[in-house]
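A structural walkthrough
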Amino acid sequence: AATYLARAGNAVARLEQARTSLVEAAADLSGDVDAKARDMLDALGHTGGQVDRLSEMLGGFDEPTVRAELADVEQALADDTTPNEELVEERRRTRDGLRAQLASIERLGQQRALMLERMRATAVGIEGLAVRVGEIDALYESGGRIDTTTEDLQSVTADLDSLREGLLEAERSVRAVLS
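Residues numbered from 1 in each chain as written. Predicted model: local features only at pLDDT ≥ 70, side-chain atom pairs only at ≥ 80, totals over all residues. Heavy atoms only, no water.

**Observations concerning the overall build of the protein chain**
Scanning the protein chain from terminus to terminus reveals 5 helices and 0 strands. Along its sequence from the N terminus, the protein chain presents helices and strands in the succession α-α-α-α-α. Residue burial in the protein chain is summarised as follows: out of 179 residues, 35% are buried. The contacts of the protein chain with a sequence gap of at least 6 include a subset with a gap of at least 24, amounting to 81%. (Helix = DSSP H or I, 4+ residues; strand = E, 2+ residues; numbered from the N terminus. Buried < 20%, exposed > 50% of the residue type's maximum accessible area, 1.4 Å probe, protein only. Contact = heavy atoms within 4.5 Å.)

Encoded structure:
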């Protein structure tokens, strides 16, 4: 998570640097790009915190031990020839509880993987936007292409909004799984 946050932070810094010469061409939009990029970093930091919390939760489980215990209980149920229904029922309850634990562990692991992949996609997206703004800056500097600079920056801000929405959607899915 820290790697993706650092990558995005570096890309935001490049975004801010690349658009400095565009200020005179499209001051409102370039400021909007900076604000949205900083918002993305905040959202990415929040997502990283969620990934850390999921990792902590997963660290509290000993999955191999749970799997081994489940195998033992299932074997005991398969081998059981005693007429003691009470014992059989307790073993079934234990088996069901262990299966529920494993299902929770798997869901937490999947959500953690989803959040990390969203963070990576967001960092890569911001890096791509930084390249685009650098390209817009280079084209503006070389030819004074003011006519499309505004449209180009509007496209960048729209893309930042899309990246942020992707992170928010991932956060909503984590909350749904954890509730």
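**Here's the deal with the pattern of salt bridges**
This structure, assessed with the given rule, holds 9 salt bridges. The closest approach of N and O atoms between Arg7 and Glu127, which form a salt bridge, is 2.9 Å. Of the two residues, Arg7 sits in helix α1 (residues 2–18) while Glu127 sits in helix α4 (residues 85–143), which places them 120 residues apart along the sequence. Since its relative accessible area comes to 28%, Arg7 is described here as partly exposed. Sharing partners across several salt bridges, the network here consists of Glu63, Arg67 and Glu106. (Salt bridge = Lys/Arg side-chain N within 4 Å of Asp/Glu carboxyl O.)

**Points about the nonpolar core**
Counting 21 residues, the largest nonpolar core has Met40, Ile126 and Leu160 as its most contacted members. Core analysis: the second largest hydrophobic core is formed by 8 residues, Val66, Leu77, Val88 and Ile105 among them. (Core = buried A, V, L, I, M, F, W, Y, C linked by side-chain atoms within 4.5 Å.)

**Focus: the confidence of the model for the protein chain**
On average, residues of the protein chain score 79 in pLDDT, and 73% of them reach the 70 mark or higher. The secondary-structure element of the protein chain with the lowest mean pLDDT is helix α5 (residues 146–178), recorded at 67, while helix α3 (residues 63–79) shows the highest, at 95. (pLDDT = per-residue confidence, 0-100.)

**Here's the deal with the environment of Val131**
Within the element layout of this structure, Val131 appears in helix α4. Taking the C-alpha atoms as reference points, Val131 and Ala11, 120 residues apart in sequence, are found 8.5 Å from one another.

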